[in-house]
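Below are the chains, spelled out letter by letter.
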Amino acid sequence: MLKIGLTGNIGSGKTTVAKVFEVLGIPVFYADDAAKQIMVTDAELIEEVKRTFGNSAYSNGNQLNRKYLADIVFADENELTKLNALVHPAVFRAFDVWASKIKKVPYVVKEAAILFESGSYKMCDYSIMVSAPLDMRLGRVMKRDGITYEEAARREARQYPENEKAKLASYTITNDGHQLVIPQVLALHQQFL
Ligand SMILES: CC(C)(COP(=O)(O)OP(=O)(O)OC[C@H]1O[C@@H](n2cnc3c(N)ncnc32)[C@H](O)[C@@H]1O)[C@@H](O)C(=O)NCCC(=O)NCCS
Ligand SMILES: Nc1ncnc2c1ncn2[C@@H]1O[C@H](COP(=O)(O)OP(=O)(O)OP(=O)(O)O)[C@@H](O)[C@H]1O
C-alpha cells in the first residue's frame, strides 16, 4: 500500500483536492485535523504547551485558545519551531496507527499543510503539491476564515515558498481557477492504482 503525501501552501486547495481522492474511495488522513484533536486530548502535550506558551494557551480546561497561540507562533519562527517539536511527533504516530489499520486499498493519502517543512514527506512514497498564485490563495483564506490579508500572509511566510516545494514534490496539481482539478486528480489516481 503506497503512502501519498498531499500538501500545498495556505489556501492552495489541498483539502479540496483531498476530498476528490475520498470520492474515489481513497482513505485520507488529515494531519491538521489530527493535530487539532491531539492538542485537546493528549494530557502530556497539553501540559507541555501550557509550560511553553503560558496557561492562556488553554481556557475552560482543555479548550485550545487558537488565536492566542497563532498570534505567538506565526509572529516568531522560533516559537513555531517549539510548537512543531511538541505536536508533530504525536501526529506522525497517529498517522502510522491510522495507516496500519487500513487494508485492501492500493494507496492512502496524508494531507498536511507542512509536509515538506516537517520532513514527513520522507515517510511517503510520493508527494503531491497543490499550487495556486499567492494572491488567489490569500484571498481564498481571507474569505474562508474571515482573517485579514496580513494575518494570512504571516502564515504563508512561515511556509516554504512554492518554487522550493515544487522541487521536492513528485507531482504538482494546479488549482488556479483555469485548469480543471478533477482530471488532474484522476490522472494521478490511475498512476497509483
Ligand atoms: C497555531 C494554531 C493553534 C492556529 O490554529 P488555527 O485554527 O488558527 O489554524 P489551523 O490549524 O486551522 O491552520 C490553518 C493553516 O495555517 C497554516 N499552519 C498551521 N500550522 C502551521 C505550521 N506549524 N507551520 C506553518 N503553517 C501552519 C496552514 O496553512 C494551515 O492549513 C494551529 O495552527 C496549530 O496548532 N499549529 C501547530 C500544529 C501544526 O503544525 N498543524 C499543522 C500540521 S500537522
Ligand atoms: N478552484 C477553486 N475555486 C474556487 N474556490 C476554491 C478553489 N479551490 C479551493 N477553493 C476554496 O478556497 C478555500 C481554500 O481551499 P482549501 O481549504 O481546500 O485549501 P487548503 O490548501 O486546505 O488551505 P489551508 O492550508 O488554509 O488549510 C476553500 O474555501 C475552498 O472552498
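Small disclaimer: the values here were computed from a predicted structure and weren't measured. (Residues numbered from 1 in each chain as written. Chains lettered and ligands numbered in written order. Predicted model: local features only at pLDDT ≥ 70, side-chain atom pairs only at ≥ 80, totals over all residues. Heavy atoms only, no water.)

Attention now moves to the overall build of the chain. Along its length, the chain carries nine helices and seven strands. Over its C-alpha trace the chain gives a radius of gyration of 17 Å, about what one expects of a compact globule, namely 16 Å for 193 residues. Reported as C-alpha extents along the three principal axes, the dimensions of the chain are approximately 50 × 40 × 25 Å. Buried residues in the chain amount to 45% of all 193 residues. Relative to all contacts within the chain whose residues are 6 or more apart in sequence, the contacts with residues 24 or more apart total 73%. Charge separation in the chain, taken as the distance between the mean sites of 24 positive and 23 negative side-chain charges, equals 4 Å. (Helix = DSSP H or I, 4+ residues; strand = E, 2+ residues; numbered from the N terminus. Rg over C-alpha atoms; globule rule 2.2 N^0.38 Å. Buried < 20%, exposed > 50% of the residue type's maximum accessible area, 1.4 Å probe, protein only. Contact = heavy atoms within 4.5 Å. Lys, Arg positive; Asp, Glu negative; His and termini not counted. Charge placed at Lys NZ, Arg CZ, Asp CG, Glu CD.)

According to UniProt, the positions carrying the feature "binding site: ATP" (unreviewed entry) are Gly11, Ser12, Gly13, Lys14, Thr15 and Thr16. If you trace the backbone, Gly11 turns up in the loop between β1 (2-8) and α1 (14-23). When its relative accessible area of 12% is taken as the criterion, Gly11 is described as buried. With respect to the secondary-structure elements, Thr15 resides in helix α1. In this view, Thr15 contacts Tyr30 and Glu111; residues no more than four positions away in its chain are not counted. (UniProt positions renumbered as here; feature names shortened; annotations may be inferred.)

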